[in-house]
Amino acid sequence: MRLAIAEAALAPATGDVPVGALVLGPDGEVVGRGHNEREAVGDPTAHAEVVAIRQAAAKLGEWRLSGCTLVVTLEPCTMCAGAIVLSRIDRVVYGAVDEKAGAAGSLFDVMRDRRLNHRPEVVWGVLAEECGEQLRAFFDTHR
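Residues numbered from 1 in each chain as written. Predicted model: local features only at pLDDT ≥ 70, side-chain atom pairs only at ≥ 80, totals over all residues. Heavy atoms only, no water.

(A) Quick peek at the state of the cysteines. The final tally for this structure, using the stated rule, is zero disulfides. In this structure Cys80 is not part of a disulfide, and its nearest cysteine sulfur, from Cys77, lies 3.8 Å away. Cys80 sits in the buried class, given a relative accessible area of 1%. (Disulfide = S-S within 2.5 Å. Buried < 20%, exposed > 50% of the residue type's maximum accessible area, 1.4 Å probe, protein only.)

Here it is in structure tokens:
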């Protein structure tokens, strides 16, 4: 999670919200990393998780990321939860809960919906205070 927090710290340089994500391959090595880039590239889908998933798929040469773990500083939104399910990531570890848009147990629970064909394990609250403080500090300077 500390690597994801460091990745998130790169986002504010372009006015993006500090969210960072890593995809760990089956052997635990980082195969994808990303931070929010919506403002930087003008793409509403450039969330940290999507950026990291795209990079991991390119590096592994496979869209199915079975055996991989996604580590992210903020609970994934519905779009990112959908991308996680579709990429077949096995495990998601996140820091801060997103009560306004979270889709991994707070507002919605997309990733554990029994109607879907893939349901990753979800671990939440890892370094939640540090992840939340990074977001609070950003928004304190942008309000």
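(B) Local environment of the pattern of salt bridges. Counted by the stated rule, this structure contains nine salt bridges. Note that Glu7 and Arg33 form a salt bridge whose closest N and O atoms lie 3.6 Å from each other. Here Arg33 lies in strand β2 (residues 30-35) and Glu7 lies in helix α1 (residues 2-8), a separation of 26 residues in the sequence. The shortest N-O distance in the salt bridge between Arg64 and Glu62 comes to 3.3 Å. Three or more residues joined by partner-sharing salt bridges are found here, namely Glu129, Glu133 and Arg136. (Salt bridge = Lys/Arg side-chain N within 4 Å of Asp/Glu carboxyl O. Helix = DSSP H or I, 4+ residues; strand = E, 2+ residues; numbered from the N terminus.)

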